[in-house]
Protein chains: 2
Amino acid sequence: MLQELKSLLNANDRDALEEYIARIQPYDLAEMFMQLDLKDQVRLFADLPISLSAEIMEYMEPDAQYRILNRSSADAASSLLNEMSSDSVVDLLLAIHPHQAEKMMGSLPPDYREKISTLMNFAPDSAGSLATVDYISARNAWTVDQTLQHVRKVGREAEIVSYIYVLDTYGKLIGIISLKDLILAQPETLLEAIMKEDIVTVPAEMDQQEVASILSKYDLYAIPVITQDHRMIGIVTVDDLIDVIHEEATEDIQKLGGSQPLEEPYFKNSIWSLFRKRIGWLLILFVAEAYTGNVLRHYEETLNEVVALSFFIPLLIGTGGNSGTQIVTTLVRALGMGEVKFKDIFKVIRKEIFTGFFLGLCMGTVAFFRAQFLGVGFDIGTVVAITAIFIVIWSSLVAAVLPLVLNQFKVDPAVVSGPFITTLVDGTGLVIYFSMARMILHVG
Amino acid sequence: MLQELKSLLNANDRDALEEYIARIQPYDLAEMFMQLDLKDQVRLFADLPISLSAEIMEYMEPDAQYRILNRSSADAASSLLNEMSSDSVVDLLLAIHPHQAEKMMGSLPPDYREKISTLMNFAPDSAGSLATVDYISARNAWTVDQTLQHVRKVGREAEIVSYIYVLDTYGKLIGIISLKDLILAQPETLLEAIMKEDIVTVPAEMDQQEVASILSKYDLYAIPVITQDHRMIGIVTVDDLIDVIHEEATEDIQKLGGSQPLEEPYFKNSIWSLFRKRIGWLLILFVAEAYTGNVLRHYEETLNEVVALSFFIPLLIGTGGNSGTQIVTTLVRALGMGEVKFKDIFKVIRKEIFTGFFLGLCMGTVAFFRAQFLGVGFDIGTVVAITAIFIVIWSSLVAAVLPLVLNQFKVDPAVVSGPFITTLVDGTGLVIYFSMARMILHVG
């Protein structure tokens, strides 16, 4: 595909080029354009119909957008900026140097510029920062026919026309009507007669993850963002929130893996950036794990007497870590999805302790036979088996309690990663192990 | 809120009840209804406007839907089923006993019944299984005005009216037009003049996760599902795909935690169900970890001579496991999001080996000082430090290669969980450790 585009560009056959481009999705065009020389990119964006150019550009990263706009004529750049949806413009302006951003904003009409600066002031990852002002608004005294005419006039610019938002004279959101209902209604009906007054809205400060969960709960395509006094700021559309859902899941996964989340896709991270995201937790976990050395030195005599005990150290602490990791990942996700709340803590503990008991019984049995197989005798086998049971139950308890408690204290429960819980139960597991050994084997 | 609903129900004031209900979102009504007696539920569903009843019911689980339909009059049940979107009806029919499903299908009009049976035959988690037939179709020779009249006629039934799908006489999908474009166009224009012929479609067999990623790539609200000969089966809407995105992320997280994914929300799983999902991997990992016992017995003499070496076993293998877990979780997610492909394997290895080298240097340095602090002497400290470096590099290599190779062989890379990679590098880490010890300390 790219070859065809390039040869059409070289042939300078504008008609053939336009016809070719008309057959391709804007997203795919964006992917192809990114592989062209900057000169060709600038030329294409200037030549294509402005609405298509803007749509293609919205699929590009801010740095690529800036390179093109910076090389385009002032006129072309200004119309592209005007045509792009306001949330994309905000992303672009926030990604570039403030000085360059100011220069770019100079090319926007004053009232649009003002809206954009408002949007730029919202905290990153808040509902306000995701909002676009390219929605369609109407007044409650308008008729259906008037509103449809209005949609015809401004619809091209809107990011989504599925909903029309009814505002009062102060800009307060008082109703919502879907385009579907508008089309199904009689032309002379007043909007206030058919609009829905019970509207799902979100405040501008709300965290994007919460916005996404509200939108998916109510099966909406867009959600209005409002100020405290109910004035309309803009809308957040479902496509942006899908990106949020992906991002948040990626973050959770990386945190549960014991790493700080990467802010960029994998290959955009340098070795140095990967290093920085990982070293913090590695060091914390190392320090936390270091006390296992003290535990073992404490039991040095026991170990000296029965070296065979050391054979089972990795196996036993590994089993505790595995069982804890299973629980922690399940619970952190369940907390994130709102399936589990702090008030359920005793239900969770009961469930996990019982499950842990049965899992421990299994693991203990297998551990006993494993010990016999290694030829360390009945007594050590018993120690290993009983330790396995207790370690699994213990790690179940810790893994059940920690995420819920942290979540209650507004700490992201995903900091209790697999590596974290493994480290935590390693040392305590050893204490269980050697206490059992001393009791059963009657040694030092 | 629930109290208010209950007292209105008891007061038998139908007008007040209707007014109250009109103010509440269908999703919230569903949540409230679920807490009423079945008798009240049946009564409410029979009394409310049918379109609202159907919408509320779609937010309920299939078992709750069935209980209500089963208790409703044959007429009421049949109109509810007819009004519900076809993907919900399919979910319901697949969730109940085939005998009951057959009985329910008997109440559907013959042509709808046929469509439903087709949908029921698609594999679970395929595009076809998510599809709804409640979309709006039109013919290419229709004018804009004719089409709008058609939308007015059938729009109430449609799940989404944002797109109108243009079919030829054989039911093949030949074009698509958004409601927005329809409204913006001149009434007498023919659809074929303004419809887009380049359509993003998915085959019925495509996995739901792939459908979700295509939809989010192209920022669509719905995507048509077609047969191999391009006939239209139905559409998958964005709200269903958001659920898919959530489910798939949950599955990945649980798999990465070393557990089989739970099919239901946390509290819907019995202790026995949690046990079954977890015991498999715990046993596999136990068996895999068991060989660490052999490794340690192999080095029994070395351990006997220098018991202090055992102090660092949990620390060193823990560090290897942590570093491996960080990489595995990052790469599994990056593979899932399409950021990394098998062809990048050498780029990934290079990146991870270098990052691992620098991380290893840090950890080695810290490990050396930790050893001194524990008073085991310079030599053992050196062994521990060098081992730390090599273990981190080694686990980086294993964690970089495994997910990509598995993915290439069509095995879900998420089976390489944190616990899996930890187990894998535990034993090999011990071999590195004791080899270093023998070399540097000239022992056993």
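Rules of the game
Residues numbered from 1 in each chain as written. Chains lettered and ligands numbered in written order. Predicted model: local features only at pLDDT ≥ 70, side-chain atom pairs only at ≥ 80, totals over all residues. Heavy atoms only, no water. Pairing = 2+ DSSP bridges. Helix = DSSP H or I, 4+ residues; strand = E, 2+ residues; numbered from the N terminus. Axes fitted to C-alpha atoms, helices over the stretch in contact; angles between N-to-C directions. UniProt positions renumbered as here; feature names shortened; annotations may be inferred. Contact = heavy atoms within 4.5 Å. Buried area = accessible area lost by both parts, 1.4 Å probe. Salt bridge = Lys/Arg side-chain N within 4 Å of Asp/Glu carboxyl O. Polar contact = N/O pair within 3.5 Å; in protein donor to acceptor, adjacent residues only side chain to side chain. Nonpolar A, V, L, I, M, F, W, Y, C, P; charged D, E, K, R; others polar. Parallel < 35°, antiparallel > 145°, perpendicular 65-115°, else oblique. Left-handed = near helix turned anticlockwise from the far one by under 90°. Least-squares fit on C-alpha atoms with pLDDT ≥ 70 in both. Buried < 20%, exposed > 50% of the residue type's maximum accessible area, 1.4 Å probe, protein only. Core = buried A, V, L, I, M, F, W, Y, C linked by side-chain atoms within 4.5 Å. Domains from an automatic or database assignment.

J.: How do you make sense of the sheet that holds strand E3 (residues 173-178) of chain A when you look at a structure like this?
T.: Strand pairing in a sheet takes place through backbone hydrogen bonds and is either antiparallel or parallel in direction. Residues and elements named next belong to chain A. Taken together, three strands build an open sheet; the order of strands is E1-E2-E3 and the sheet is mixed. Each edge of the open sheet is held by one strand with a lone partner, namely strand E1 (136-139) and E3. Averaged over all adjacent pairs, the angle separating strand axes in this sheet is 35°, with direction ignored. One ladder, built from four bridges, connects E1 with strand E2 (residues 163-167); its direction is parallel. When the sheet's bridge partners are listed, Ser137 is paired in E2 with Tyr165.

J.: Is there a simple way to think about the UniProt feature "transmembrane region" (unreviewed entry) in chain A in this case?
T.: All names here are of chain A. Here, the residues flagged by UniProt with the feature "transmembrane region" (unreviewed entry) are residues 353-371, 383-406 and 418-441. Between the end C-alpha atoms of residues 353-371 there is a gap of 25 Å, over a span that is 100% helix and 0% strand. Taken end to end, residues 383-406 has its terminal C-alpha atoms 34 Å apart, with 100% of it in helix and 0% in strand.

J.: Would you mind showing me how to read the interface of chain B and chain A here?
T.: Interfaces are often described in size by the accessible area the parts lose on coming together. At the interface, 111 residues of chain B touch 111 residues of chain A. Of the roughly 10600 Å² buried between chain B and chain A, counting both surfaces, carbon and sulfur atoms make up 68%. Its salt-bridge partner being B:Glu352, residue A:Arg278 comes within 2.7 Å of it at the nearest N-O pair. At the junction of chain B with chain A, the criterion picks out 32 residue pairs in polar contact (both at pLDDT 80 or more). Of the residues in the side of chain B that touches chain A, the class split is 61 nonpolar, 27 polar and 23 charged.

J.: Sorry if this is basic, but what is going on with the packing of helix H15 (residues 208-217) of chain B against helix H16 (residues 238-256) of chain B here?
T.: Describing two packed helices takes the angle between their axes plus the distance from one axis to the other. Residues and elements named next belong to chain B. Running from N to C, H15 and H16 cross one another at 120°; their axes reach a closest spacing of 9 Å. Taken together, H15 and H16 sit at an angle that is classed as oblique. Relative to H16, the crossing made by H15 is left-handed. Taking contact as the criterion, the partners of Gln208, Gln209, Val211, Ala212 and Leu215 in H15 are, on H16, Val238, Leu241, Val244, Ile245, Glu247 and Glu248. Looking at the contact of H15 with H16, its residues break down into seven nonpolar, two polar and two charged.

J.: Teacher, can you tell me more about the relation of the copies chain B and chain A here?
T.: Related by rotation about an axis and a shift along that axis, the two copies of the chain form a pair. When chain B is fitted to chain A, the residual RMSD is 0.1 Å, and the transformation amounts to a turn of 180° plus an axial shift of 0.0 Å. Considering both components of the superposition, the chain copies are consistent with a two-fold axis. Most of the interface of chain B is mirrored in chain A: 100% of its interface residues are interface residues there too.

J.: Sorry if this is basic, but what is going on with the pairing of E3(A) here?
T.: It is a general feature of regular strands that their side chains alternate between the two faces of the sheet. Residue and element names in this part refer to chain A. Among the six residues of E3, five are classified as buried, and the element is accordingly described as predominantly covered. Sheet topology places E2 next to E3; five bridges connect them, and they run antiparallel. Opposite Tyr163, over in E3, you have Ser178 as the bridge partner.

J.: Looking at this model, I keep getting lost on the side chain of B:Thr382. Mind explaining?
T.: Residue and element names in this part refer to chain B. Considering the arrangement of structural elements, one finds Thr382 in helix H21 (residues 378-408). Reaching out from Thr382, the side chain makes a polar contact with the backbone oxygen of Phe378 at a distance of 2.8 Å. Excluding its chain neighbours within four sequence positions, the residues that come into contact with Thr382 are Phe368 and Ile440.

J.: Honestly, unusual backbone geometry in this entry has me stumped. Any pointers?
T.: Note on backbone geometry: most residues besides glycine have negative phi, and most peptide bonds are trans. Residue and element names in this part refer to chain A. Here Asp125, not a glycine, exhibits a phi torsion of approximately 70°, which is positive. Position of Asp125 among the secondary structure elements: in the loop between helix H10 (110-120) and helix H11 (127-130). Judged by its relative accessible area of 40%, Asp125 is partly exposed.

J.: What is the right way to look at the nonpolar core in this model?
T.: Side chains of a nonpolar character, in soluble globular proteins, are inclined to be buried together. Residues A:Ile21, A:Phe33, B:Ile21 and B:Phe33 are the most contacted members of the largest nonpolar core, which totals 162 residues. With residues near it in sequence (within four places) discarded, B:Phe33 still touches B:Leu5, B:Ile21, B:Gln41, B:Leu44, B:Phe45, B:Leu48, B:Ile56 and B:Met60. Counting 78 residues, the second-largest nonpolar core is a separate cluster that includes A:Ala308, B:Leu315, B:Ile432 and B:Leu441.

J.: Help me out: how do you make sense of the UniProt feature "domain: CBS" (unreviewed entry) in chain A in this one?
T.: According to UniProt, the feature "domain: CBS" (unreviewed entry) maps to residues 195-251 of chain A in the numbering used here. The span residues 195-251 of chain A is 42% helical and 23% strand by assignment, and the distance between its end C-alpha atoms comes to 39 Å.

J.: Could you clarify how one ought to interpret the sheet that holds strand E2 (residues 163-167) of chain B in this entry?
T.: Residue and element names in this part refer to chain B. An order of E1-E2-E3 is seen for the three strands of this open sheet, with the pairing classed as mixed. This sheet does not close on itself; its edge strands, each paired only once, are strand E1 (136-139) and strand E3 (173-178). Neighbour to neighbour, the strand axes of the sheet diverge by 35° on average, direction disregarded.

J.: Got a minute to help me understand the domain arrangement of chain A in this structure?
T.: By the assigned domains, chain A splits into domain 1 (2-120), domain 2 (136-237) and domain 3 (266-441). Between the C-alpha centres of domain 1 of chain A and domain 2 of chain A there is a distance of 28 Å.

J.: Whenever I open this one, the pattern of salt bridges confuses me. Can you help?
T.: It is possible for side chains bearing opposite charge to pair when their charged atoms get close. Residue and element names in this part refer to chain A. The final tally for this structure, using the stated rule, is 14 salt bridges over all chains. Linking Asp229 and Arg231 is a salt bridge whose minimum nitrogen-to-oxygen distance equals 3.4 Å. You can call Arg231 partly exposed: its relative accessible area is 37%. Residue Asp412 is joined to Lys255 by a salt bridge in which the shortest nitrogen-to-oxygen separation is 2.3 Å. With Asp412 in the loop between helix H21 (378-408) and helix H22 (418-441) and Lys255 in helix H16 (residues 238-256), this residue pair connects regions lying 157 residues apart in the sequence. Each of the salt bridges in this network shares a partner with another, and the network as a whole consists of Glu251, Lys255 and Asp412.

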